[in-house]
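Close look at the chain arrangement
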Amino acid sequence: MYDTTSNMSKEHMEFLKKVKRKEIAIRTTQVIILIAFFALWEIAGRLKLIDPFLFSQPSRMLKTIINLSKDGSLFTHIWVTLSETLIGFALGTIIGIAIAIMLWWSSFASKVAEPYLIVLNSLPKIALGPIFIVWMGNGEAPIITMGLAISLIVTIISLETGFMQVDEDKIKLLKTFGATKYQILTKCILPASIPTIMSAIKINMGLSWVGVITGEFLVSKAGLGYLIVYGGQIFKLDIVMSSVLILSVLAALMYVLLVYIEKKIIKWQ
Amino acid sequence: MDKVMVELKNVSLNYHTVNGETEAIKNVSFNVHEGEFVGVIGPSGCGKSTLLSIIAGLLKPSGGSVKVNGEVGYMLQRDHLFEWRNIMQNVLLGLEIQNAVNDDSIRHVEGLLDRYGLAEFKYHYPNQISGGMRQRAALIRTLALNPDIMLLDEAFSALDYQTRLAISDEVWSILKNVKKTAIIVTHDISEAIAMCDRIVVLSNRPAVVKSIHEIHLTCDTPSPIGCRKAPEFREYFNEIWKELDVHV
Ligand SMILES: Nc1ncnc2c1ncn2[C@@H]1O[C@H](COP(=O)(O)OP(=O)(O)OP(=O)(O)O)[C@@H](O)[C@H]1O
Ligand SMILES: [Mg+2]
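Only a predicted model underlies this, so the values are computations on that prediction, with no experimental measurement involved. (Residues numbered from 1 in each chain as written. Chains lettered and ligands numbered in written order. Predicted model: local features only at pLDDT ≥ 70, side-chain atom pairs only at ≥ 80, totals over all residues. Heavy atoms only, no water.)

1. Overview of helix 3 (residues 58–70) of chain A
All names here are of chain A. Its 13 residues give helix 3 an end-to-end C-alpha distance of 18 Å, which sits within 8% of 18 Å, the value for a rise of 1.5 Å per residue. Within helix 3, burial applies to Pro58, Met61, Thr64 and Leu68. Within helix 3, the buried residues cover an arc of 115° as seen down the axis, which keeps them to one side. Those residues of helix 3 that are exposed and aimed more than 90 degrees away from the buried face are Leu62, Lys63 and Lys70. Downstream of helix 3 by one or two residues, Gly72 has phi in the positive range, about 80°. (Helix = DSSP H or I, 4+ residues; strand = E, 2+ residues; numbered from the N terminus. Expected span 1.5 Å × (residues − 1). Buried < 20%, exposed > 50% of the residue type's maximum accessible area, 1.4 Å probe, protein only. Arc of directions from axis to C-beta.)

See below:
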């Protein structure tokens, strides 16, 4: 915003340097912890301090990952889980926003829906898994539905609360201009709620992973959740650990991507 | 006699909630003439904002009659600039709502931005400019629609004292210059005396008109700040202060 490079005081340059140094120290420590964790794991396995059969080992995980990717099956599993998650996430977000808008629009609908939302929100969604499977068979449909079920209600509730919290006076201002309800929605409620929507989306992403992996545990022929269960059943902890590792990397990448998009959208902050 | 811009006759308004009925305004009558600045002062919660909402047509009175001769522009307590819109987009908001954005109206708005020192901040976001500038942007947003009557509801109370003095002075000259009629709600007795030609004092809720004061200040420079030095200032202040009957 301001040009500070041209005429910076020495004191300020010192300050910036200090900030930079601290940042570097934080990043370095983070990397060291990560490396140390895997190194200790590897060494403990080699020295037979832990049983690699039960705890696996970074080198064995790497071998497993290479083996699984040779015939391309790993990528199939990743793709299955990723696509299920993205579809569940997209559906949860879109349907959630649409329903939240409807509830904002009609206070009657909102009042009617309230107890149902509370009950559905408290219900552990995994209890619905068997029902989805009976209804939809054992393909991807029940898994996606599981992802959707876990994220949808939370989205609706948090968005509706966000919409209701938009400053009354902002709405009054629009009314003094003669705004219609639709204009109040598009000119004020939705843009004012972008931070709420973004945080709901981030939560949604996390919940969709939970839903999809849970769904895959219950019923699946492919996917990371399937690999984890399969590995557990045949006592191949290498497969289990590798899948968990890949899953955490994927989830983290998704999150970083969302934060990046958020920064792009909310440019006024 | 000047044209009557706002005519209130025995206006009353009751709010209804499940917890009961609140009598906010009772039998309020007064007129506002063209070019006149009328102050409305009264204890907090007495119904001042409600009165402005009625004049703006946002609320229907429970009784009495309201006649408004012309378009109304409303300025609220805080500037309420939309933080996701830049200044230009903010001042165009009213025109946008009324589907009146065109070359003419854009030129008008740019003229206003230019005249009131905001031209170079057109593409800044509200959080990048000062409180005084934000208030000016809010004024331009209202003026963009060419209202005949301006309603100011504690429009300066969110500003710090110095900015508040400067901005109220500035807004006063702008509005006098373009010959607007104004109704100014404020808690600040001095501000009301300095800015207004007439002051309506309201009672505690339900608001009834307690008294109406014609303000005549003898001052060389006719501006709110200049007129604060007028010899009559203190008298008006004491009179109104007594009527407000403040107990703490
Ligand atoms: N929507 C509403 N429903 C019920 N009561 C209301 C509503 N709006 C205002 N009131 C009540 O009506 C009375 C008058 O409110 P109003 O906002 O007009 O007062 P005010 O004089 O502007 O107050 P302040 O000095 O605090 O700005 C208050 O007692 C308030 O609690
Ligand atoms: Mg008020």
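Here the narrative resumes, following the displayed structure.
2. What to know about a negative patch on the surface
Together, B:Asp2, B:Glu34, B:Glu71 and B:Asp148 line one region of the surface with negative charge. As for its position among the elements, B:Asp148 is in the loop between helix 5 (131–143) and strand 6 (149–153). (Patch = residues over 30% accessible without salt bridge, like charges linked within 9 Å, V, L, I, M, F, W, Y side chains within 5 Å. Areas by Shrake-Rupley, 256 points an atom, 1.4 Å probe, with all protein chains shown as cover. Salt bridge = Lys/Arg side-chain N within 4 Å of Asp/Glu carboxyl O. Lys, Arg positive; Asp, Glu negative; His and termini not counted. Charge placed at Lys NZ, Arg CZ, Asp CG, Glu CD.)

3. A closer look at a nonpolar patch on the surface
Residue and element names in this part refer to chain A. Residues Phe53, Leu54, Phe55 and Phe235 make up a contiguous nonpolar surface patch of about 410 Å² in total accessible area. As for its position among the elements, Phe55 is in helix 2 (residues 52–55). Phe55 sits in the partly exposed class, given a relative accessible area of 42%.

4. Some details on the confidence of the model for chain A
Any region with low pLDDT has predicted coordinates that should not be read closely. When the pLDDT values of chain A are averaged, the result is 92; 97% of them are 70 or greater. Highest mean pLDDT in chain A belongs to helix 9 (residues 181–192) of chain A (96); lowest belongs to helix 2 of chain A (89). (pLDDT = per-residue confidence, 0-100.)

5. Overview of the nonpolar core
A:Leu174, A:Ile189, B:Val6, B:Leu8, B:Ile25, B:Phe30 and B:Ile183 are the most contacted members of the largest nonpolar core, which totals 71 residues. If you tally residues by element for this core, the top one is helix 12 (residues 237–265) of chain A, at eight residues. (Core = buried A, V, L, I, M, F, W, Y, C linked by side-chain atoms within 4.5 Å.)

6. Notes on the sheet that holds strand 3 (residues 37–41) of chain B
Residues and elements named next belong to chain B. With respect to topology, six strands assemble into an open sheet ordered 5-6-7-3-8-9, the strand pairing being mixed. At either margin of the open sheet sits one strand with a lone partner, and together these are strand 5 (72–75) and strand 9 (209–214). Going across the sheet, the axis of each strand differs from the next one's by a mean of 15°, ignoring polarity. Bridging between strand 5 and strand 6 involves four bridges; their strand directions are parallel. Bridge pairing in strand 6 places Gly73 opposite Met150. Taken strand by strand, helix 1 (residues 48–55) contacts strand 3, strand 5, strand 6, strand 7 (181–185) and strand 8 (198–202), and its axis lies near 155° from that of strand 6. Each of strand 5 and strand 6 is contacted by helix 5, which is oriented at about 165° to strand 5, the strand it contacts most. (Pairing = 2+ DSSP bridges. Axes fitted to C-alpha atoms, helices over the stretch in contact; angles between N-to-C directions. Contact = heavy atoms within 4.5 Å.)

7. Concerning the state of the cysteines
All names here are of chain B. Taken as a whole and judged by the stated rule, the model has one disulfide over all chains. Paired by a disulfide, Cys219 and Cys227 hold their sulfur atoms 2.1 Å apart. Sign of the S-S torsion, about 55° for the bond between Cys219 and Cys227, identifies this disulfide as right-handed. Cys219 sits in the partly exposed class, given a relative accessible area of 24%. (Disulfide = S-S within 2.5 Å.)

8. Here we look at the sheet that holds strand 2 (residues 20–33) of chain B
Across a sheet, strands are paired by hydrogen bonds formed along the backbone, either parallel or antiparallel in direction. Residue and element names in this part refer to chain B. As summarised here, the arrangement of the three strands in space is 2-1-4, forming an open sheet in which the pairing is antiparallel. The strands lining the two open edges of the sheet, one partner per strand, are strand 2 and strand 4 (63–68). On average, each strand axis in the sheet is inclined to that of its neighbour by 20°, with strand direction left out of account. Pairing analysis gives 10 bridges linking strand 1 (residues 4–17) to strand 2, with the strands arranged antiparallel. If you follow Tyr15 over to strand 2, its bridge partner there is Thr22. Across the sheet, helix 1 touches strand 1, strand 2 and strand 4, and the angle it forms with strand 1 is around 120°.

9. Examining the interface of chain A and chain B
In this assembly, 20 residues from chain A lie in contact with 21 residues from chain B. Summed over both partners, the interface of chain A with chain B buries about 2000 Å², with 66% contributed by carbon and sulfur atoms. For chain A, the biggest contributors to the area lost against chain B are A:Phe177, A:Lys187 and A:Trp268; these three give 35% of the whole. At the boundary of chain A with chain B, the tally comes to three salt bridges. The closest approach of N and O atoms between A:Lys170 and B:Glu83, which form a salt bridge, is 3.4 Å. Seen at the junction of chain A and chain B, the total is seven residue pairs in polar contact (both at pLDDT 80 or more). Of all elements in the fold, only helix 8 (168–176) and helix 9 of chain A reach the threshold of two or more residues within the side of chain A that touches chain B. Residue composition of the side of chain A that touches chain B, by class: nine nonpolar, four polar and seven charged. (Buried area = accessible area lost by both parts, 1.4 Å probe. Polar contact = N/O pair within 3.5 Å; in protein donor to acceptor, adjacent residues only side chain to side chain. Nonpolar A, V, L, I, M, F, W, Y, C, P; charged D, E, K, R; others polar.)

10. Some thoughts on the environment of B:Met150
Residue and element names in this part refer to chain B. Structurally, the position occupied by Met150 is in strand 6. Owing to a relative accessible area of 0%, Met150 belongs among the buried residues under this scheme. In contact with Met150, other than residues within four places in its own chain, are Gly73, Met75, Leu139, Thr142, Leu143, Leu175, Lys180, Thr181, Ala182 and Ile183.

11. Overview of unusual backbone geometry
Residue and element names in this part refer to chain B. Of note, the bond from Arg205 into Pro206 is cis; its omega dihedral lies within 30 degrees of zero at -5°. Within the secondary structure layout, Pro206 lies in the loop between strand 8 and strand 9. With a phi close to 50°, Glu154 is a non-glycine residue in the positive phi region.

12. Here we look at the site of ligand 1
Residue and element names in this part refer to chain B. Every residue lining ligand 1 is accounted for by Tyr15, Thr17, Ser44, Gly45, Cys46, Gly47, Lys48, Ser49, Thr50, His187 and Arg205. Cys46 is positioned with one of its backbone polar atoms (N or O) 3.2 Å from an oxygen atom of ligand 1. Between ligand 1 and the protein, one listed contact pairs an oxygen atom with a side-chain N or O atom of Ser49 at 2.7 Å. Coverage of ligand 1 by the protein chains reaches 61% of its 640 Å² of free accessible surface. (Near = heavy atom within 4 Å.)

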